[in-house]
Amino acid sequence: MELFILNKEFELIGIIETYTFLRWVRKFYKNGEFELHCKLTNKTVSLLKEDNIILKKDDNEVGFIETLKLKMLNGEETIVVKGKFTTAYLNRRINWDRLNFNGKVEDLMRKLVSDNAINPQNQDRKISNLRLGEYNQFTEDINYQNSFGNVLEELENIGTLYKIGYKIIFDFNSKEFIFNTYKGIDRTCNQNTIAPCIFSREFENILSQELFKTNINYKNTCLIAGVGEGEQRKITSIECGSGLNRYETYIDARDLSNKIKKNNDEIEMDIEKYKSFLIERGKQKLSQLKKINNFSSTVNTKGNNKYKIDYDLGDFVTILDSKWNIQINTQISEIEEVYQNGKHEINPVFGSSFPSISDFLRRF
């Protein structure tokens, strides 16, 4: 797999054809990441520099280098670089002002990117060569309010709740970055429109597998408190379950304003309208506190299911294992591609992934 290296001006400065290890991780609800190990040579040192862009042959998802490490072990010198996919450029932007939005989820996601990185009022905030991609006309509705939130984190929260993925791809010919929203294809046994995609060791398309389930952080009921003090505080709730099946949490949403601008004045919005914003905040928080149901595997690349043909990131597929007594219809939330010693591994993650420490801390 050839790697094309571009500088920050998107100029092709070289090609790396040999390396000892490449880990390329695609994610549906978050930005992807990569890790590359090469022998240290004059060529690799000159090409693999901070902020340079790595493009895999025949791919349009690209990464930029964030960290670099040189090391020597047993007389061999190695250069190791790590980075994120270019969707992480949006981590450098916040939602600069208060945003009250009532409309389609896809429109909101595009607006967050456009207002803060493509057509911002302050041109210093503009990310060069970034544009919006094709409009998909997704139908999901949302009531949303946010002030000063990180754009990438907001996209992750919204996308996770409404099952909409997002990414920034690179058009090599036009030298443009393109922000796209997208959905996975239903390839489960529950539908009869297209051929189902089934992963099972019985079909010899899985080499190894691991099932992990936990409700350690699970909540299904929340009390959401908005603006106001004491008895005047605006409060609503999302409730589910009873007895030991009820898992409660409290959400402080006092940052959600109940004021809207009208004719250059701020007026208080209707209480039911305001509660709809509180409910949306509650839904987002509960989506981060779901039960973890994770099935990860190493796929037989010579099996019947072909990557990017029979399945891809974001698709919904069926996991079947009679010995473990499981049949799961689930989404491919992450795909790790590993290139090492002339071998190519595909390691999908099905269902929700276990949160990292940074993810966990950000939720509270």
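Predicted, not measured: the structure shown is a model, and the values here were computed from it.

**Q** What's the story with the nonpolar core in this structure? I'm lost.
**A** Looking at soluble globular proteins, one finds that nonpolar side chains tend to be buried together. The biggest cluster of nonpolar side chains holds 35 residues, and the ones touching the most others in it are Leu-90, Leu-130, Leu-155, Ile-158 and Phe-177. At seven residues, the largest contribution of residues to this core is made by helix 2 (residues 105–118). Each residue touching Leu-90, except ones within four places of it in the same chain, is listed here: Val-113, Ala-117, Leu-130, Asn-150, Val-151, Leu-152, Leu-155, Ile-168 and Phe-179. By size, the runner-up hydrophobic cluster in this structure holds 19 residues, among which are Tyr-182, Leu-313, Val-317 and Ile-332.

**Q** How do you make sense of the pattern of salt bridges when you look at a structure like this?
**A** Think of it this way: side chains of opposite charge can pair up when their charged atoms draw near. Per the stated rule, a full pass over the model turns up 24 salt bridges. The salt bridge involving Arg-131 is made with Glu-176; its shortest N-O contact spans 2.9 Å. On the criterion of sequence distance, the pair formed by Arg-131 in strand 9 (residues 130–132) and Glu-176 in strand 12 (residues 176–182) is long-range, its members being 45 residues apart.

**Q** Help me out: how do you make sense of helix 2 in this one?
**A** Quick reminder: α-helices carry 3.6 residues per turn. Residues three or four places apart thus point the same way. In a regular helix each residue adds 1.5 Å, so 14 residues correspond to 20 Å; helix 2 covers 19 Å between its end C-alpha atoms and thus fits that length. Burial analysis of helix 2 places eleven of its 14 residues in the buried class, which makes it a mostly covered element. Residues of helix 2 that are buried: Val-105, Glu-106, Leu-108, Met-109, Arg-110, Leu-112, Val-113, Ser-114, Asn-116, Ala-117 and Ile-118. In this fold, the buried residues of helix 2 make contact with strand 8 (98–104), strand 9, strand 10 (141–147), helix 3 (151–162), strand 11 (165–171) and strand 12.

**Q** Looking at this model, I keep getting lost on the sheet that holds strand 16 (residues 235–238). Mind explaining?
**A** Hydrogen bonds between backbone atoms are what pair the strands of a sheet, whose relative direction is either parallel or antiparallel. The three strands lie next to each other as 16-15-17, forming an open sheet whose pairing is mixed. Both edges of this open sheet fall to strand 16 and strand 17 (248–252), since each of them pairs with a single strand only. Looking at each pair of strands side by side, their axes are set apart by 20 degrees on average, direction ignored. In this fold helix 4 (residues 271–287) packs onto strand 15 (221–225), strand 16 and strand 17, with an angle of close to 40 degrees to the strand it touches most, strand 16.

**Q** Got a minute to help me understand the side chain of Asn-180 in this structure?
**A** Turning to its location among the elements, Asn-180 is positioned in strand 12. A relative accessible area of 15% means that Asn-180 is categorised as buried.

**Q** Mind showing me how you'd approach the sheet that holds strand 12 here?
**A** Pairing within the open sheet is mixed, and its three strands lie in the order 9-12-11. Each having just a single partner strand, strand 9 and strand 11 make up the two edges of the open sheet. Here the strands of the sheet are splayed against their neighbours by 30 degrees on average, with no regard to which way each runs.

**Q** Help me understand the pairing of strand 6 (residues 62–73), please; the structure alone is not making it clear to me.
**A** The side chains of a regular strand alternate, residue by residue, between the two faces of the sheet. Examined bridge by bridge, strand 5 (residues 53–56) and strand 6 share three bridges and lie antiparallel to one another. Paired with Leu-55 across the two strands is Val-62, which belongs to strand 6. In this structure, the hairpin formed by strand 5 and strand 6 is closed by a connection of five residues, where Asp-58 is found at a positive phi of approximately 60 degrees. As paired elements, strand 6 and strand 7 (residues 76–85) share ten bridges and run antiparallel to each other. Each residue of the ladder has a partner; that of Leu-73, found in strand 7, is Glu-76.

**Q** Looking at this model, I keep getting lost on the packing of aromatic side chains. Mind explaining?
**A** Aromatic ring pairs are defined here through the distance separating the ring centres and the angle between the ring planes. Evaluation of the coordinates by the stated rule reveals 15 aromatic pairs. With a centroid separation of 4.8 Å and an interplanar angle of 40 degrees, the aromatic rings of Trp-24 and Phe-85 are classed as tilted. Of the two residues, Trp-24 is situated in strand 3 (residues 21–27) and Phe-85 in strand 7; the sequence distance between them amounts to 61 residues. The exposure classification of Trp-24 matches that of Phe-85, with both residues buried. Ring plane angle 35 degrees and centroid distance 5.7 Å describe the contact between Tyr-307 and Tyr-311, whose orientation is recorded as tilted. By way of ring pairs, the aromatic residues Phe-10, Phe-64, Tyr-89, Phe-170, Phe-172 and Phe-177 are connected into one cluster. We note Lys-175 situated over the ring of Phe-172; from NZ or CZ to the ring centre the distance is 4.3 Å.

Cut-offs and rules
Residues numbered from 1 in each chain as written. Predicted model: local features only at pLDDT ≥ 70, side-chain atom pairs only at ≥ 80, totals over all residues. Heavy atoms only, no water. Core = buried A, V, L, I, M, F, W, Y, C linked by side-chain atoms within 4.5 Å. Buried < 20%, exposed > 50% of the residue type's maximum accessible area, 1.4 Å probe, protein only. Helix = DSSP H or I, 4+ residues; strand = E, 2+ residues; numbered from the N terminus. Contact = heavy atoms within 4.5 Å. Salt bridge = Lys/Arg side-chain N within 4 Å of Asp/Glu carboxyl O. Expected span 1.5 Å × (residues − 1). Pairing = 2+ DSSP bridges. Axes fitted to C-alpha atoms, helices over the stretch in contact; angles between N-to-C directions. Phe/Tyr/Trp six-rings, centres within 6.5 Å; stacked < 30°, edge-to-face > 60°. Lys NZ or Arg CZ within 6 Å of the ring centre and 35° of its normal.

What is shown is where atoms sit, not what they do.
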